[in-house]
Amino acid sequence: VKIPLEKILEDSLCVSIPKEISGLNENVILDNDLCYILGLMITDGYIKLTNRRGYVCLSQKMEGARVEIINKYSQNVSDKNYNFILHSKEFASKINRYVEKLDYYVLRMSNENLKHFIAGVLDGDGSYNNKRINIYLDPRKETTKSVILALYRLGIEPQVTKNRNIWNIQITTIDSSILLNTCRFKNVPMNKEDKKYFQSKEIGITKYEYTKNDRLI
């Protein structure tokens, strides 16, 4: 039975949501630091590839532990106006392959890989206020769906609201082991109990017309 979300809210009905989504049996084990960079790149960076050159640009102020992680993959780096650039066509091509099939890898990553991936997402575009972490993502990007999928795989129930053309993904409860992998949120206090009920204003309503080319997971 399919009921429009607007109708559910109007009639004060309830819906069930999954507590978590299990991964597939075809496990893909990646380097944890690589997963962190992947999360950082899709939220606050980009890839440039040509026939001769390639680089990954992270629009972040790089310091401390993050610099150590970056240096594992490229010694040829430059820092210009908060744009930290890794000059390596091999590394840029590798990251690009993961981005192009990100949902495939998110469904097959280990939990530890996912924790580092989400840590990179939080460091890339997360903000903190009053025991809540907000991530602002573009719903038109395929990588946004992968971030939400990764959260559910870790048992995190995000609240997604629409603000103009941006989705505000709000997290109220998160495993402290994920925050320990971040550089910006290591010591922030969060709620200890899961929030099982959401106000209607905390639920994003998005109308979407499916086409024959759409893929459902």
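Note that the structure is predicted; figures quoted are calculated from it, not measured.

**Considerations on the environment of arginine 66**
Inspection of the secondary structure assignment puts arginine 66 in helix α3 (residues 65-71). Among the residues examined, arginine 66 registers a relative accessible area of 7% and is labelled buried. Those residues in contact with arginine 66, other than ones at most four positions away along the chain, are Tyr36, Leu40, Gln60, Lys61, Asp123, Cys183 and Arg184.

**Considering the sheet that holds strand β3 (residues 77-80)**
Backbone-to-backbone hydrogen bonds join strands into a sheet, with any given pair of strands oriented parallel or antiparallel. Sheet architecture is open: four strands sit in the order β1-β2-β4-β3, paired in antiparallel fashion. Pairing within the sheet leaves two strands with one partner each, and these edge strands are β1 (45-49) and β3. Direction aside, the axes of adjacent strands within the sheet are offset by 20° on average. Where β3 lies against strand β4 (residues 83-87), four bridges are found, and the strand directions are antiparallel. Along β4, the bridge assignment pairs aspartate 79 with phenylalanine 84. On the sheet, helix α2 (residues 32-44) packs against β1 and β2 (54-58) and is oriented at approximately 95° with respect to β1.

**Quick word on the side chain of asparagine 134**
With respect to the secondary-structure elements, asparagine 134 resides in strand β6 (residues 132-137). Residue classification places asparagine 134 among the buried positions, given a relative accessible area of 8%. A distance of 3.1 Å separates a polar atom in the side chain of asparagine 134 from a polar atom in the side chain of glutamine 170. Ignoring sequence-local partners within four residues, the contact set of asparagine 134 consists of Asp125, Gly126, Ser127, Asn168, Ile169 and Gln170.

**With respect to the nonpolar core**
Of all hydrophobic cores here, the largest spans 51 residues; its most connected members are Phe117, Ile118 and Leu122. Broken down by element, the residue count for this core peaks at eight residues, all from α2. Look past the residues within four positions of phenylalanine 117 in its chain and what remains in contact with it is Cys35, Tyr36, Leu38, Gly39, Ile42, Leu102, Val106, Ser146, Val147 and Ala150.

Parameters at a glance
- Residues numbered from 1 in each chain as written.
- Predicted model: local features only at pLDDT ≥ 70, side-chain atom pairs only at ≥ 80, totals over all residues.
- Heavy atoms only, no water.
- Helix = DSSP H or I, 4+ residues; strand = E, 2+ residues; numbered from the N terminus.
- Buried < 20%, exposed > 50% of the residue type's maximum accessible area, 1.4 Å probe, protein only.
- Contact = heavy atoms within 4.5 Å.
- Pairing = 2+ DSSP bridges.
- Axes fitted to C-alpha atoms, helices over the stretch in contact; angles between N-to-C directions.
- Polar contact = N/O pair within 3.5 Å; in protein donor to acceptor, adjacent residues only side chain to side chain.
- Core = buried A, V, L, I, M, F, W, Y, C linked by side-chain atoms within 4.5 Å.

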